[in-house]
Amino acid sequence: FSAFVLPIPRLQITAPTPVCAPATLDLTQSSIFSGSTNGSIFTYHSTSLQAQLGLSTLSGMQAISTSGNYFVRYASSEGCFTIGGLSATIHPAPLA
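Residues numbered from 1 in each chain as written. Predicted model: local features only at pLDDT ≥ 70, side-chain atom pairs only at ≥ 80, totals over all residues. Heavy atoms only, no water.

(A) Structural detail: the packing of aromatic side chains. Here the structure, examined in full by the defined rule, presents two aromatic pairs. Measuring from centroid to centroid gives 4.0 Å for Phe33 and Phe42, while their planes differ by 35°, and the two rings are tilted. Since its relative accessible area comes to 6%, Phe33 is described here as buried. When its relative accessible area of 28% is taken as the criterion, Phe42 is described as partly exposed. Each ring, one from Phe42 and one from Tyr74, has its centre 4.3 Å from the other, and the planes form 25°; the classification is stacked. With Phe42 in strand S2 (residues 41-45) and Tyr74 in strand S3 (residues 68-75), this residue pair connects regions lying 32 residues apart in the sequence. Since its relative accessible area comes to 3%, Tyr74 is described here as buried. An aromatic cluster is built from Phe33, Phe42 and Tyr74, whose rings are joined through pairwise contacts. Geometry around Phe81 places Arg73 over its ring, the cationic atom sitting 3.7 Å from the centre. (Phe/Tyr/Trp six-rings, centres within 6.5 Å; stacked < 30°, edge-to-face > 60°. Buried < 20%, exposed > 50% of the residue type's maximum accessible area, 1.4 Å probe, protein only. Helix = DSSP H or I, 4+ residues; strand = E, 2+ residues; numbered from the N terminus. Lys NZ or Arg CZ within 6 Å of the ring centre and 35° of its normal.)

Here you go:
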């Protein structure tokens, strides 16, 4: 009998630079996850529980237009995963 312990993927998150509306943020850009393990799959969720369970995956993360907090599930092809938090900040457009 042999047992193998698979590594948990390393997730390193760098907060994206805030922008002013009407600009949007792309939360899928590679610079946000620079230093993370290569070859793993990102999914985005509204709550930590959803991320832990792999449920209710969010879409449209390439063009976030309102501020918010998100949870990123970073899973390897073997099924190992880790969870991290990510904040998006969109400032209101300046008044003219």
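Read on, since the account is not over.
(B) The arrangement of unusual backbone geometry in detail. With an omega of 15°, the peptide bond running from Ala21 to Pro22 counts as cis. Within the secondary structure, Pro22 is located in the loop between strand S1 (19-20) and S2. In this structure, Ser56 is a non-glycine residue whose phi angle is positive, near 55°. Within the element layout of this structure, Ser56 appears in the loop between helix H1 (48-53) and S3. Residue classification places Ser56 among the partly exposed residues on the basis of a relative accessible area of 47%.

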